[in-house]
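Each chain, letter by letter, is given below.
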Amino acid sequence: MSRIHDMGGRFGTGAVDPDDNATFAKTWHERALALNLACGALGQWNIDASRHARECLSAADYAGFSYYEKWLGGLTDSLVAKGVLTLEELDAGRGDGVSPLTGRALKAENVAPALAAGSPYTRDTDAAMFAVGDRVQVRRPARNVAVSGGHTRLPAYAAGAVGVIELLHGAHVFPDSNAHGLGEAPEPLYAVRFAARALWGNEAEADDEMVLDLWQSYLEPA
Amino acid sequence: MQAFRLLARYVGKFCAGGKDVSCAFVTGHEMPLAGWTWAACLWQGHVMPHDHDHPHAHLPSDPALRVKALETILTEKGLVDPAALDEIVDTYQNRIGPKNGASVVAKMWADPAFREEMLTDPMPRLKEMALYGRQGEHMVFVENTAEVHNLVVCTLCSCYPWPLLGIPPGWYKSDAYRARSVREPRKVLSEFGVTLSAGQKVRVWDSTAEVRYLVVPRRPAGAEGLSQEALADLVTRDSMIGTGLAREPGA
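What comes next concerns the included structure. (Residues numbered from 1 in each chain as written. Chains lettered and ligands numbered in written order. Predicted model: local features only at pLDDT ≥ 70, side-chain atom pairs only at ≥ 80, totals over all residues. Heavy atoms only, no water.)

### Concerning the overall build of chain A
Where we set the bar: Each helix is a run of DSSP H or I of at least 4 residues and each strand a run of E of at least 2, with the numbering of both proceeding from the N terminus. Only protein chains enter the accessibility calculation, which uses a 1.4 Å probe. A residue is then buried if its area is under 20% of the maximum for its type, exposed if over 50%, and partly exposed in between. We call two residues in contact whenever any of their non-hydrogen atoms come within 4.5 Å of each other. Areas reported as accessible are Shrake-Rupley estimates using a 1.4 Å probe. Residue values count occlusion only from the protein chains shown.
Secondary structure summary: chain A contains eight helices and six strands in total. When the helices and strands of chain A are read in sequence order from the N terminus, they spell out α-α-α-α-α-α-β-β-β-α-β-α-β-β. Evaluated residue by residue, chain A yields a buried proportion of 52% over its 222 residues. Contacts in chain A between residues far apart in sequence, at least 24 positions, make up 67% of those at least 6 positions apart. Carbon and sulfur atoms make up 49% of the accessible area of chain A, which amounts to about 9,400 Å² in all.

So, in structure tokens, the structure goes:
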């Protein structure tokens, strides 16, 4: 059910390289980050849609691309999907006239205020169904129930597992809906604690634990 | 030019295994490969499977050139101001980084009331301290103790508390870290040279929402009497992700 980005627990990735330490290993990495932030300011998509655009890269591209190539791929696809750029412009390497969105372009003097303003994801909604200490079961399979192959923040490895509510975060925008232009549909969000063995079997240490942030509709009483 | 287009079209078909190449993903209309795409195709067609159904395949294959091309197009259309890009880069190169988080951790070590505030309701105070912003709207501090060692990951992408730690290092965004830190955190910790105390359990936090977690490392022995600035020097970036411990004074 999941896409290639859903990596938790996957085998075959090799060792972690702590020396791969730089924030921006190459100059174009910082430019790619900046382009993503600047284009986000055009207001044509939200953070969940931009994540989904990266997730929709083909499996071969996702695996073969370096990190910021994934960002560039998702960004380019989104710009064309939203009609901000055309394929002809990409092919030509030239912009064909000034965009009607030019008034929204992020100006240098607005960068610091925009970054400092942030974008809170909490919303006022109904009370939570679960309380700290409640036992819950993650629904299975891990998928977007409204959009086939759609965006979800429910990792495949957690599907079906039983855990305990650790923290209440309040109601947050629901990515499964927000990524697809179906509205923010805020839901209570919880940090849910699992025994590592409930997720990974007896290869995990007996006392080790994992915590995931999960929306209410990902959970059922257990 | 016509010959060039024909060549481009031929190469495009070659790369797509003989199928007519279209970009139906978003536009729904057929579009021959042209411009520099064919060069990308020549290179990538033999090296790796390449997906021409996505618009990003219409940009140069070399990623540095790809960024440059996109910036050029967007600038010509009045959608991007290169000075704004410079400003964003400067912010995350020089102004926002792990020193922010280290100052908060040092203050938590030194000031019990502040520590309590950070562990219960940190956002009002972080806003006052101008440590609020993009990708740090909802912070949760998780404290290491004699019983628990915390480790933070984002298995689905690369979520990270930007206002306190800046932009994540390469390894944090790697497939290996995303895949393995949840399944075998102790092995991953050993790859970072971290040895846990006997009896310490590991608690891994997978950042699946817009909540951002920051690990508060244990204050090392011998740090009594140090100024907050000196304490902050002991707090490494990795110690706030959980792949490191705080430095020993004098180490």
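### A look at the overall build of chain B
Looking only at helices and strands, chain B features 12 helices and four strands. Going through the 251 residues of chain B one by one, you find that 58% of them count as buried. Sequence-distant contacts, at least 24 apart, represent 63% of the contacts inside chain B between residues at least 6 apart.

### Some words on the pattern of salt bridges
Convention followed: A side-chain nitrogen of Lys or Arg and a carboxyl oxygen of Asp or Glu constitute a salt bridge if their distance falls within 4 Å.
Enumeration according to the criterion identifies 26 salt bridges over all chains in this entry. Among the ionic pairs, K201 of chain B bridges to E209 of chain A, the shortest N-O distance being 3.0 Å. Of this pair, K201 of chain B sits in strand β3 (residues 201-206) while E209 of chain A sits in strand β5 (residues 209-215), each in a different chain. Under the relative-accessibility criterion, K201 of chain B is labelled partly exposed at 22%. Of the charged contacts in the structure, one is a salt bridge between R212 of chain B and E210 of chain B, with a shortest N-O distance of 2.9 Å.

### Things to note about the packing of aromatic side chains
Two aromatic rings are characterised by how far apart their centres lie and by the angle between their planes. Worth spelling out the cut-off: Stacked, tilted and edge-to-face are the three classes applied to pairs of Phe, Tyr and Trp rings, where Trp contributes its six-membered ring and a pair requires centres within 6.5 Å; stacked means planes under 30 degrees apart, edge-to-face means over 60, and tilted covers the rest. Lysine NZ or arginine CZ positioned within 6 Å of the ring centre and within 35 degrees of the ring normal marks a charge as sitting over the ring.
Following the criterion strictly, the structure yields 16 aromatic pairs over all chains and no others. Relative to Y68 of chain A, the ring of Y67 of chain A has its centre 4.8 Å away and its plane inclined at 80°; by these criteria the two rings are edge-to-face. Each of the two residues, Y67 of chain A as well as Y68 of chain A, counts as buried. Taken together, a centroid distance of 5.9 Å and an interplanar angle of 70° make the contact between W215 of chain A and Y218 of chain A edge-to-face. Take W215 of chain A: its relative accessible area is 1%, and that puts it in the buried class. Cluster of aromatic residues (ring-pair linked, three or more members): Y160, W171, Y172, Y177 and F192 of chain B. In this structure, R66 of chain B is placed above the aromatic ring of F65 of chain A, and the distance from its NZ or CZ to the ring centre is 5.4 Å. Looking at R183 of chain B, its charged tip hangs above the ring of F11 of chain A, at a distance of 3.5 Å from the centre.

### Regarding the interface of chain B and chain A
Convention followed: What counts as buried area is the accessible surface, traced by a 1.4 Å probe, that two parts surrender upon association, with contributions from both included. Here a polar contact is taken to be a pair of N or O atoms separated by no more than 3.5 Å, where protein atoms must pair a possible hydrogen donor with a possible acceptor and residues adjacent in sequence count only if both atoms sit in side chains.
Listed per partner, the contact involves 91 residues of chain B and 102 residues of chain A. Counting the surface lost from both chain B and chain A, the interface buries some 8,500 Å², and carbon and sulfur atoms represent 61% of this. Counting every contact that joins chain B to chain A gives 10 salt bridges. Among the ionic pairs, E69 of chain A bridges to R66 of chain B, the shortest N-O distance being 3.0 Å. Seen at the junction of chain B and chain A, the total is 46 residue pairs in polar contact (both at pLDDT 80 or more). Among the secondary structure elements, those contributing two or more residues to the side of chain B that touches chain A are α3 (63-76), α4 (82-95), β1 (138-143), α9 (175-183), α10 (185-191), β3 and β4 (211-216) of chain B.

### Side note on helix α4 (residues 67-81) of chain A
Using the following cut-off: Here a helix's expected span is defined as the number of its residues, less one, multiplied by 1.5 Å.
For α4 of chain A, spanning 15 residues, the distance from its first C-alpha to its last is 21 Å, which sits close to the expected 21 Å at 1.5 Å a residue. Where burial is concerned, most of α4 of chain A is hidden: 14 out of the 15 residues are buried.

### Considerations on the side chain of S50 of chain A
Residue and element names in this part refer to chain A. Here S50 lies in helix α2 (residues 47-55). Judged by relative accessible area, which is 14%, S50 ranks as buried. A distance of 2.8 Å separates a polar atom in the side chain of S50 from the backbone oxygen of I47.

### Some thoughts on the packing of helix α5 (residues 98-110) of chain B against helix α6 (residues 112-120) of chain B
All names here are of chain B. The condition that has to hold: Axes here mean lines fitted to C-alpha atoms, for a helix over just the part in contact, with angles spanning 0 to 180 degrees between N-to-C directions. What sets the label is the angle itself: under 35 degrees gives roughly parallel, over 145 gives roughly antiparallel, 65 to 115 gives roughly perpendicular, and the rest give oblique. Crossings are sorted by hand: turned counterclockwise from the far helix by less than a right angle, the near helix makes the crossing left-handed, and turned clockwise it makes it right-handed. Each residue gets one label: Ala, Val, Leu, Ile, Met, Phe, Trp, Tyr, Cys and Pro are nonpolar, Asp, Glu, Lys and Arg are charged, and the others, such as Gly, are polar.
Contact pair α5 / α6: the axes reach a minimum separation of 5 Å and the direction vectors enclose 125°. Overall, the two elements α5 and α6 adopt an arrangement that is oblique. α6 is crossed by α5, and the crossing has left-handed handedness. Along the contact surface, α5 presents V104, K107, M108 and A110, while α6 presents P112, F114, R115, M118 and L119. Here the contact of α5 with α6 is built from residues that sort into seven nonpolar, no polar and two charged.

### Considerations on the pairing of β5 of chain A
Counted only if it meets this: The criterion for strand pairing is that DSSP finds at least two bridges linking the strands in question.
For β5 of chain A, a buried count of seven out of seven residues is recorded, marking the element as mostly surrounded by other parts of the structure. Of the two faces of β5 of chain A, the one carrying E209, V211, D213 and W215 of chain A and the one carrying M210, L212 and L214 of chain A are both buried. Note: strand β4 (residues 187-195) of chain A against β5 of chain A, seven bridges, orientation antiparallel. Opposite L189 of chain A, over in β5 of chain A, you have W215 of chain A as the bridge partner. Relative to β3 of chain B, β5 of chain A runs parallel, the two being bridged by four bridges. Of the residues in β3 of chain B, the one forming a bridge with L212 of chain A is D206 of chain B.

### Some points on the environment of Y218 of chain A
Residue and element names in this part refer to chain A. With respect to the secondary-structure elements, Y218 resides in the loop between β5 and β6 (219-221). Each C-alpha atom of the pair Y218 and V136 lies 9.7 Å from the other, and the pair is 82 residues apart in sequence. Excluding residues within four positions of it along the chain, Y218 makes contact with Q137, V138, R139, T152, R153, L154, F174 and D176. Within polar-contact distance, the side chain of Y218 engages the backbone nitrogen of R153 at 3.0 Å.

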